[in-house]
Amino acid sequence: MQMIIVDDEAHWVDNLSLHKPWHELGIEQVHRAYSAGEALQIIDTHPIDIVISDVQMPEMTGIELIERIRIRDKKMKCIILSGHSEFEYAKKALRHNAVDYLLKPPTDRELFGAVKTAMDQLSAEWELISSLERTRHTLRENLPILRGQFLLDALQGRRLSTDEWYRKLSDYGLPFHFENSALMLVRLEEEFGRYKNNGQPLIEYAIMNMAEEIMGEFMEVWGVKEEHGYLVFLLQLKESAGGAGQETLLEKLSQQLQHKVKQFLKGSLSIVITEWFPFPEQLPDRFRQASAYFREIVGDERDFVVRVNEVDHTPAQGPLNALYVPPSFINLLEAGHWDAAEAKLAAVCTELEEKWPESWEHCMEAGFLISASFSNLAHRSGYTLTKLLGTEDMEALQSGEAFVTIKKLGKWSLGVLNKLKEVSSSSVKDSRSQYVKKIQEYADKHLHEDVSLRALADHINLHPTHLSKIYKIETGEGISDYISRLRMERACHLLKATGKKVYEISMEIGYMDPAYFIKVFKRHFGVTPQEYRDGALLP
């Protein structure tokens, strides 16, 4: 856990943070802040768990600090210290769920006891949040969605290791095994069109329930609605069903489903079922085979139950799979997953070489989709592909030369990918530079106002933590360090170049309390502002 100690008395903060055995309690890091504003900046950029704060501080009291903290994080634990037993402060502290209210100076026993209480409360709260029972409850609530997405991914060809299959089947409570299975694809016919804009999901849900009821006596049933609107059911015989009649059992149950839907829901279904096949290795291929059958049916044919026999497709007729297995190539580009995109290109070229080394059409298919993805990314980034690629690569694309052979396709695609990667990296760096420039310009003009991390983040519409990281990456300096340095540099200039009084300079650089400004200045330079003005040398 991490803790921060906040007090305008620097010696008090330093003593508590540096000379107490916090590590024995399990505190990993103790941060120091000499004002409430500085504390809020640290809280915005570090995972603080516990705050120990004085009550009476310039600019903002400890109670006001707790109020600000509660807006950011309701779970952070606060301990209040005070030199006086102010009853009203104590009541306000308790109202804001402070762990304890201690009189200064507290004994080690009192202070460690309060911190230990805070740690125990945090542990109990997070144990409740992350408890196994709560996780299981959440999983049960979302189980249908998780099961459906899992099946969709498998149908679309997402590859999983044997261990991953076993783990997910177990986690989702799916009683399926690595053995023969079948698919049933269901298409709702035109009678259900009247529900298209009102109640269609309820009808689909009802049909899925009816399918599970009818099939479930003999088979394990796992269903989902896929992207083209078909209801897809993966089926596996139960041990109690035995092996008798499995070739005709599926057709019989499918016809029964048709009959019940027509009887109770007043609509027709068309059903395509597959032969039994080894699960899960042949699942994507059998799904493509069954869904393709629907596309091949012409005319008014409907209200049928047909079994798709295994067809011996020649390699020249088969589909190119690697390019379409999720995640898609365009999604990888959009997410900036360059290594995964490169691996996808390698997988496409490997499949082309192994299955269709002589098929120009398959090479062209891959080339068109890859180049379209490149174009889409370029246009999203505000560029044209022509400008990014240069004359040679663009001419190869326009003439079709880039797709003439698998080798040329691989070389051209990888070259374009690297160029897009370089442009993207340069754009990110330019974007970071612009953010730094805006921050520094804003701070320079509004130093007398609120220039906290949150105010700066709001100014450029970024999350404070993200902004802090960007600034640190780009400049090597934290934002709070930059603001502090800017204030001190501005103060030195005003002290030497103007006749303004110290309190006026204090206000102008953002310190509402001149005494606090003097204290910070002396801590920074070793001399007071007046001593510096009078000619004292800075260390």
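Residues numbered from 1 in each chain as written. Predicted model: local features only at pLDDT ≥ 70, side-chain atom pairs only at ≥ 80, totals over all residues. Heavy atoms only, no water.

Enquirer: Go over the packing of aromatic side chains, please, and point to the residues and values.
Expert: Any two aromatic rings considered together are summarised by their centre-to-centre distance and by the angle between their planes. As enumerated under the stated definition, the model contains 19 aromatic pairs in all. Here the aromatic rings of Phe176 and Phe279 are separated by 6.3 Å at their centres, their planes lie at 55°, and the arrangement is tilted. Taken together, the positions of Phe176 in the loop between α7 (162-171) and β6 (180-188) and Phe279 in the loop between β10 (277-278) and α10 (283-296) put the pair 103 residues apart, joining distant regions of the chain. Every member of this aromatic cluster is reached through a ring pair, and the members are Phe150, Trp165, Tyr166, Tyr172, Phe176, Phe178, Trp222 and Phe279. (Phe/Tyr/Trp six-rings, centres within 6.5 Å; stacked < 30°, edge-to-face > 60°. Helix = DSSP H or I, 4+ residues; strand = E, 2+ residues; numbered from the N terminus.)

Enquirer: A description of the sheet that holds strand β3 (residues 50-54) should follow, citing residues and the corresponding values.
Expert: The strand order β2-β1-β3-β4-β5 describes an open sheet built from five strands, whose pairing is parallel. The strands lining the two open edges of the sheet, one partner per strand, are β2 (29-33) and β5 (100-103). Strand-to-strand twist in this sheet, taken as the mean axis angle between neighbours without regard to direction, amounts to 20°. In terms of strand pairing, strand β4 (residues 77-82) meets β5 through four bridges, oriented parallel. Bridge pairing in β5 links Ile79 to Asp100. Relative to β2, helix α1 (residues 10-18) is tilted by about 180°, and along the sheet it contacts β1 (2-6), β2 and β4. (Pairing = 2+ DSSP bridges. Axes fitted to C-alpha atoms, helices over the stretch in contact; angles between N-to-C directions. Contact = heavy atoms within 4.5 Å.)

Enquirer: Please give an account of the side chain of Asn321 that cites residues and values.
Expert: Relative to the helices and strands, Asn321 is located in the loop between β11 (305-308) and α11 (329-335). A relative accessible area of 16% places Asn321 in the buried class. Setting aside residues no more than four positions away along its own chain, Asn321 makes contact with Asp285, Arg288, Glu351 and Lys355. (Buried < 20%, exposed > 50% of the residue type's maximum accessible area, 1.4 Å probe, protein only.)

Enquirer: I'd like a rundown of the state of the cysteines, residues and numbers included.
Expert: Going through the model one piece at a time under the given rule, you end up with zero disulfides. Just so you know, Cys349 is unpaired, no disulfide at all, and the nearest cysteine sulfur is the one on Cys363, 7.6 Å from it. (Disulfide = S-S within 2.5 Å.)

Enquirer: Can you break down the environment of Leu103 residue by residue, with the values?
Expert: By the secondary structure assignment, Leu103 is in strand β5. Leu103 sits 234 residues away from His337 along the chain, and the two C-alpha atoms are 55 Å apart.

Enquirer: Could you give me a rundown of the environment of Arg68, with the residues and numbers involved?
Expert: With respect to the helices and strands, Arg68 occurs in helix α3 (residues 62-72). For Arg68, a relative accessible area of 39% puts it in the partly exposed group. Along the backbone, Arg68 and Phe178 are 110 residues apart, and their C-alpha atoms lie at a distance of 56 Å. Beyond its immediate chain neighbours, meaning those up to four positions away, Arg68 contacts Leu40 and Met60.

Enquirer: How would you explain helix α13 (residues 360-380) if you had to name every residue and give the values?
Expert: Note: α-helices contain 3.6 residues per turn, so residues at a spacing of three or four share the same orientation. Taking 1.5 Å of rise per residue, 21 residues should cover 30 Å, and α13 covers 30 Å from first to last C-alpha, within 8% of that figure. Along α13, the positions that sit buried rather than exposed are His362, Cys363, Ala366, Gly367, Ile370, Ser371, Ser373, Phe374, Ser375, Leu377 and Ala378. Of the residues flanking the end of α13, it is Gly382, one or two places downstream, whose phi is positive at about 85°. (Expected span 1.5 Å × (residues − 1).)

Enquirer: Would you mind going over unusual backbone geometry in detail, with residue names and values included?
Expert: With an omega dihedral of 10°, the bond running from Phe279 to Pro280 counts as a cis peptide bond. Along the chain, the position of Pro280 falls in the loop between β10 and α10. Of the consecutive residues Pro326 and Pro327, the connecting peptide bond is found in the cis state with omega at -5°. Of note, Pro327 is situated in the loop between β11 and α11. For Lys266, which is not a glycine, the phi torsion comes out positive at approximately 60°. Topologically, Lys266 is positioned in the loop between α9 (246-265) and β9 (269-274). Classification of Lys266 as exposed rests on a relative accessible area of 54%.

Enquirer: Give a detailed account of the packing of helix α19 (residues 479-497) against helix α21 (residues 514-525), specifying residues and quantitative values.
Expert: A pair of packed helices is captured by two measures, namely the crossing angle of their axes and the spacing between those axes. Orientation of α19 relative to α21, taken along the N-to-C sense of each, is 100°, at an axis distance of 11 Å. When the axes of α19 and α21 are compared, the pair comes out roughly perpendicular. Touching Met488, Ala491, Cys492 and Leu495 of α19 are Phe517, Val520, Phe521, His524 and Phe525, all from α21. (Parallel < 35°, antiparallel > 145°, perpendicular 65-115°, else oblique.)

Enquirer: So, the nonpolar core: which residues are in play, and what are the values?
Expert: The biggest cluster of nonpolar side chains holds 56 residues, and the ones touching the most others in it are Ile50, Ile52, Val115, Leu467, Phe517 and Phe521. In terms of residue count, the dominant contributor to this core is α19 (nine residues). Beyond its immediate chain neighbours, meaning those up to four positions away, Ile52 contacts Met3, Ile4, Ile5, Val6, Trp22, Ile79, Leu81, Leu111 and Val115. If you look at the next biggest cluster of nonpolar residues, it comprises 33 residues, including Leu320, Ala366, Phe374 and Ile406. (Core = buried A, V, L, I, M, F, W, Y, C linked by side-chain atoms within 4.5 Å.)

Enquirer: For α9, give the residues involved together with the corresponding values.
Expert: With 20 residues, α9 should reach 28 Å at 1.5 Å per residue; the first-to-last C-alpha distance of 28 Å fits that figure. Among the residues of α9, those classed as buried are Leu249, Leu250, Leu253, Ser254, Leu257, Gln258, Val261 and Leu265. Count one or two residues on from α9 and you reach Lys266, which has phi positive near 60°.

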